Each structure stands twice: as structure tokens, then as C-alpha cells.
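# A look at the structure
Take a look at the letters that make up each chain.
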Amino acid sequence: AESLAYFETVSKRPWGRIRPGETLKPGMTDSRVRELRERLIAGGYLDHDSKTEGEYFDDALEMSVRRFQRDHGLDVDGVVGKQTILEMNVPVENRINQLRVNLERIRWLFRDIGQDFLLVNIAAFQAMYVADGRLAWKAKAIVGKPYRQTPSFKATMTHLIFNPTWTVPPTILKNDVLPAVKKDQAYLGEKNIRVLDHSGNEINQNIIDWSNIRANNFPYVLRQDSGIDNALGRVKFMFPNSHLVYLHDTPGKTLFERTERTFSSGCIRVDRPFELATTLLNHNLNWTPANLNKILESGSTQRIDLDRPVPVLLVYLTAFVADDGSTQFRRDIYKRDN
């Protein structure tokens, strides 16, 4: 609400636009640097009485650009390229509407959540666990692609599964796995995926005429063995829901380095999952970190129920306030704000 009041005040002197052109970098002299400076002053990122002025891209301006980039979920490099200009050119009126939309989301979603909850902000690609009212864990997240969106809902986490197997779901079977198998039958072996009948008996994939297999009437089950290359990694966090969505580890760690992380098929991949697992299981009687090591070393699939189930909120906030009190904006990746 305080952010909304601030931006409504700012709207009385709307900020200008930065003309398109070449990337603006520290040390450059360019007529558009003056526009950049004026935009950052209007948004509160640079003081009106700053000693720096004109068309030279100096150190003070670079620091202001970095602050802006951090607050808008951009690569924080101090370089003003196409994406940074795009965010700077969003009218203040649009930002006000964005704040109003997200205040309404918060009003509905954050009622009666208590002192313990796990929250995933889909639009910010971020997950956090609050225990006893204090932040206990925070990490980057990977969410669904725009055409396989991660839904927003509430549920309750009841258990964890270590060394999980992965049963290929219908959408991924149709769009990804079956086309790959028809192109190269060695695909299943390379991915450690077994072909099972619906009673759980393994079928020799070499006797199957894959060219005549259709996803809408698939007579088998495809299951990937547990292990470090499993699509779910070494642990998944279960909160039963009608969307069949859960949190899980991933072997694809490099994707966490991306700024915009829409790579999954709807479930949420989290960075540093074993820190989360350990924190959650600290509430379990007779649980120690040594138990986790033994389970992982065994390689066998094991379910551990939580002695203290945890509420889970999957939310879509394109505007929010960070821990340091700064107003944060994120791109509307799923086009849900309107």
C-alpha cells in the first residue's frame, strides 16, 4: 500500500521515455544518456541534486541503473540494453495498475496463513520457506513454460520422496518423449526409462512397433529409474493437489543461472533442495542429517512423512516488496495481470 501511494505521487510528474538505439554502457557519451538520467531521477533512483549531469554515462549513473535492474528482475550489469529500456519505458500508470492487481492477489491469498508456510512466487522465479514466522530458506525456482503454466493455488505439504522414480505424464509423453522415441529408439535407454505394462511388468521396448503407437491411447507406462540423472533429481516435495504439481530437485542446475526461468512443464524445480529438506525435517522426531545421507547413499526410493505438515502457496505476484523494503516489479510472463 505504501508503494502504491508513492507511485501515485510520482504519477503527478510522469517519467519520460528513452529512445531506442544502441546499448548504453558506462563510460559512453550519448544524447540518450540525458534521457536515462531523467528517467532514473523521476523513479527515485537518482537524486535531483546529483552532481553528475549531461550526456556522460558516469559511475553514479551506473549504480542507479544496477539498482533499477535489481528491482525489475533484470541482469544486474549496469548496461542499458533493449530489455532494460523496455522496463524503463513502462508508463507510471501501468506500474500503479500492477500494484493494485497484486494488492488484490495478496488480499485473497494471504489470509490466515499462520507462521509456517512455503511460498513460491511464480512470476519472480523464487521459493521461500517461513518457519515460526522467520525466513528459514530461500532459493531460485524454475517454473512452467508460458504454454505449460504453473498454476496458482494453496495446498499442504505432507511428505517428501527421496530418490524418486519419474513416471512420464501424458503431456510430456505426447509432446516430448514419444516423438523422441520415434526418431531414435535408443532415447529410452539413454534416459534410463523403462517400458512397463499397467501391472508394473517390464516390457522389452525392442519388440514394440513405435511407429504405430499413439499418445492418446498409449498402452504402456514409461518410468525413469531413480538416480542423479532422473528428471526429478534426488528429492521431491509433495503437497497433493488436483493439478499434479510439486516441487523437486533437478539435474539441470545451469538453468538456475538464467534471469528468466520458465523451463519446466508446470512443476517447480528448486535450487538447493536438500537445504529445504533438512529444514523441513528438523521438526521430525528422531531425524538427523545423517539419515538423509544414508537414504541418498542407498539409492532406494523412500517416502518420509512430515510430522508438521506445511501450507504451500503458489502465487503469481508481478509486484511485491523485497526484504529491504524496495518495490519490486516482474514481467507478466503468463499475461495474467489484465
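Scroll up a little and you will see the structure.
Quick look at the structure, then. Given the structure is predicted, the values throughout are model-derived calculations rather than measurements.

## Some remarks on the overall build of the protein chain
When you go through the protein chain residue by residue, the secondary structure sums to 9 helices and 15 strands. Oriented by its inertia axes, the alpha-carbon framework of the protein chain measures out at about 75 × 50 × 35 Å. When each of the 338 residues of the protein chain is scored for burial, the buried share is 48%. Taking the contacts inside the protein chain whose residues are at least 6 apart along the sequence as the reference set, 64% of them involve residues at least 24 apart. Carbon together with sulfur atoms contributes 50% to the accessible area of the protein chain, which is approximately 17,600 Å² in total. Across the protein chain, the 46 positively charged side chains and the 42 negatively charged ones have centroids separated by 4 Å.

## Focus on the sheet that holds strand E6 (residues 193-196)
Read across the sheet, 4 strands follow the order E5-E8-E6-E7 without closing on themselves; strand pairing throughout is antiparallel. Edge positions in the open sheet fall to strand E5 (166-167) and strand E7 (202-203), since each of these has one partner strand only. Across 2 bridges, E6 lies against E7 in antiparallel orientation. In the strand pairing of E7, Leu-196 is matched with Glu-202.

## Quick notes on the pairing of strand E2 (residues 126-131)
With 5 of 6 residues buried, E2 lies mostly within the body of the structure. As judged from the 5 bridges shared by strand E1 (residues 117-121) and E2, these two strands associate in the antiparallel manner. Residue pairing for E2: Leu-119 is matched across the bridge by Met-128. Between E1 and E2, which follow one another and run antiparallel, lie 4 residues, and Phe-125 among them has a positive phi close to 55 degrees. Pairing of E2 with strand E3 (residues 134-144) involves 6 bridges; the strand directions are antiparallel. Following the sheet pairing, Met-128 is matched in E3 by Lys-138. Connecting the antiparallel pair E2 and E3 is a turn made up of 2 residues, with Asp-132 showing a positive phi of about 55 degrees.

Thresholds applied
- All residue numbers refer to positions counted from 1 along the written sequence of the respective chain.
- A pLDDT threshold of at least 70 governs which residues receive local features in this predicted model, and a stricter bar of 80 or more applies before side-chain atom pairs are shown or counted, although totals over entire chains, interfaces and linings include all residues.
- Just so you know, side-chain values use all the structure's heavy atoms and leave hydrogens and water out.
- Going along the chain from the N terminus, every DSSP run of H or I of four or more residues is numbered as a helix, and every run of E of two or more is numbered as a strand.
- When accessible area is computed with a 1.4 Å probe and restricted to protein chains, residues below 20% of their type maximum are described as buried, those above 50% as exposed, and intermediate ones as partly exposed.
- Whether two residues are in contact is decided by their heavy atoms, any of which lying within 4.5 Å being enough.
- Each accessible area is a Shrake-Rupley estimate made with a 1.4 Å probe; only the visible protein chains count as cover when residues are assessed.
- All tallies of charge rest on Lys and Arg as positive and Asp and Glu as negative; His and the ends of each chain are not included.
- Taken as the charge location is NZ of Lys, CZ of Arg, CG of Asp or CD of Glu.
- In this analysis, strands are considered paired if DSSP registers two or more bridges between them.

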